[in-house]
Amino acid sequence: MKHPDYDSPSSLKTYLAEHGMAMQKRFGQNFLINPAARKKLIDFLDITEKSSIWEVGPGLGAMTVEMLSRNATVTAFEIDNGFAESISSFFSSYAQQGKFHLVKGDVLKTWKKQMETDGIPDRFFGNLPYNIAAAIIGDMISSGIRFEKMVVTVQKEVADRMCARPGDKDYSSFSVLCSWAYDVIPCMDLSGGNFWPKPNVASRAVVMTKKSAFPACENTVHFQKLIRALFAARRKTVKNNLTTFYQNSETAGYILAQSGIDPTVRAEKLSLQDMLRLSDTGYSYILKHHDKFDCR
């Protein structure tokens, strides 16, 4: 089966109609119809013929074909049954060569099993819907899964959170989580006109390059719990949030003093290094007083 013209909304629309398919808003489906943008996004992945890639939401394969043309090995996660059947047909010859594999279903429910089967690939690529972008990125980092490089296109508001730095209004525990595992930089803005159907929101592509210094803390579970606690009440000081977390004001004050952090500041002012230092100090304290705490 031949794929439609990925640059043409009319060709895509005709293909969907002829095969009894329709775009489903709940899956956040929009085709990137700008060929120059597609090529540039794949360029950011730095693909070689030895690269293995997870692609989330391939749709009808406009990005998939670009990656396969560069001799990469692609595993695509597709939740839409119609799209899944189509790309299985489009890329059957690549599948026979072992260069293409399709995983049907919700990526949030299937990626761990796929990882257990084939291991972690070098690259991750996806045009991620708003409702799963933070969930899947956060889930993978929290699980200790990192890729050499990720290129994701997300709603601009999500990208702002991913790239935020201390003092920015969008700085959050998710910002810290991303910067903990990766160097995160925005690489391309994509207005609605680059897509069909045209979305009502602006999109931004982000490049995430794996950090060598990771996890840089004594206990990853404690660190992740700590950053969530620090941002639990944004208007409160770090002292107040840590008092809740450690269940004791004196303990919170002691840990802040040992970490060299002003107890009156808010979490949005703390750098990643501040939080790593705070986590290690707190975790060491817990080990000495483990009978009093349950926040490891």
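Above: the structure in question.
Since the model is a prediction, treat every value here as computed from it, not as a measurement.

About the cut-offs
Residues numbered from 1 in each chain as written. Predicted model: local features only at pLDDT ≥ 70, side-chain atom pairs only at ≥ 80, totals over all residues. Heavy atoms only, no water. Phe/Tyr/Trp six-rings, centres within 6.5 Å; stacked < 30°, edge-to-face > 60°. Helix = DSSP H or I, 4+ residues; strand = E, 2+ residues; numbered from the N terminus. Buried < 20%, exposed > 50% of the residue type's maximum accessible area, 1.4 Å probe, protein only. Salt bridge = Lys/Arg side-chain N within 4 Å of Asp/Glu carboxyl O. Contact = heavy atoms within 4.5 Å.

Caption draft 1: Main features of the packing of aromatic side chains. Going through the model one piece at a time under the given rule, you end up with 14 aromatic pairs. Their ring planes at 80 degrees and their centres at 5.7 Å tell us that Tyr 171 and Phe 231 sit as a pair that is edge-to-face. You can see Tyr 171 sitting in the loop between helix 8 (156–163) and helix 9 (173–181) and its partner Phe 231 sitting in the loop between helix 10 (220–230) and helix 11 (238–246), a full 60 residues away along the chain. For Phe 231, a relative accessible area of 10% puts it in the buried group.

Caption draft 2: Quick peek at the pattern of salt bridges. Tallied over the entire structure, the rule returns 12 salt bridges. The closest approach of N and O atoms between Glu 148 and Lys 210, which form a salt bridge, is 2.9 Å. Taken as a pair, Glu 148 in the loop between helix 7 (130–142) and strand 6 (149–155) and Lys 210 in strand 9 (residues 203–210) lie far apart in primary sequence, 62 residues in all. Assessed through its relative accessible area of 40%, Glu 148 is described here as partly exposed. For Lys 210, a relative accessible area of 29% corresponds to the partly exposed category. Of the charged contacts in the structure, one is a salt bridge between Asp 170 and Lys 169, with a shortest N-O distance of 3.4 Å.

Caption draft 3: The side chain of Thr 153, seen in detail. Locating Thr 153 in the fold gives a position in strand 6. Beyond its immediate chain neighbours, meaning those up to four positions away, Thr 153 contacts Leu 41, Gly 126, Asn 127, Leu 128, Leu 190, Ser 203, Arg 204 and Ala 205.

Caption draft 4: Representation of unusual backbone geometry. With omega at -10 degrees, the peptide bond leading from Trp 196 into Pro 197 counts as cis. Summarising the element assignment, Pro 197 is placed in the loop between strand 8 (195–196) and strand 9. Geometrically, the link from Phe 214 to Pro 215 is a cis peptide bond, its omega value of 10 degrees lying close to zero. Looking at the element boundaries, Pro 215 is found in the loop between strand 9 and helix 10. One non-glycine residue, Asn 71, adopts positive backbone phi at about 70 degrees. Following the sequence through the fold, Asn 71 ends up in the loop between helix 3 (62–69) and strand 3 (73–78). Look at Asn 71 and you get partly exposed, because its relative accessible area is 42%. Even without being a glycine, Ala 216 presents a positive backbone phi close to 60 degrees. Its place among the elements puts Ala 216 in the loop between strand 9 and helix 10.

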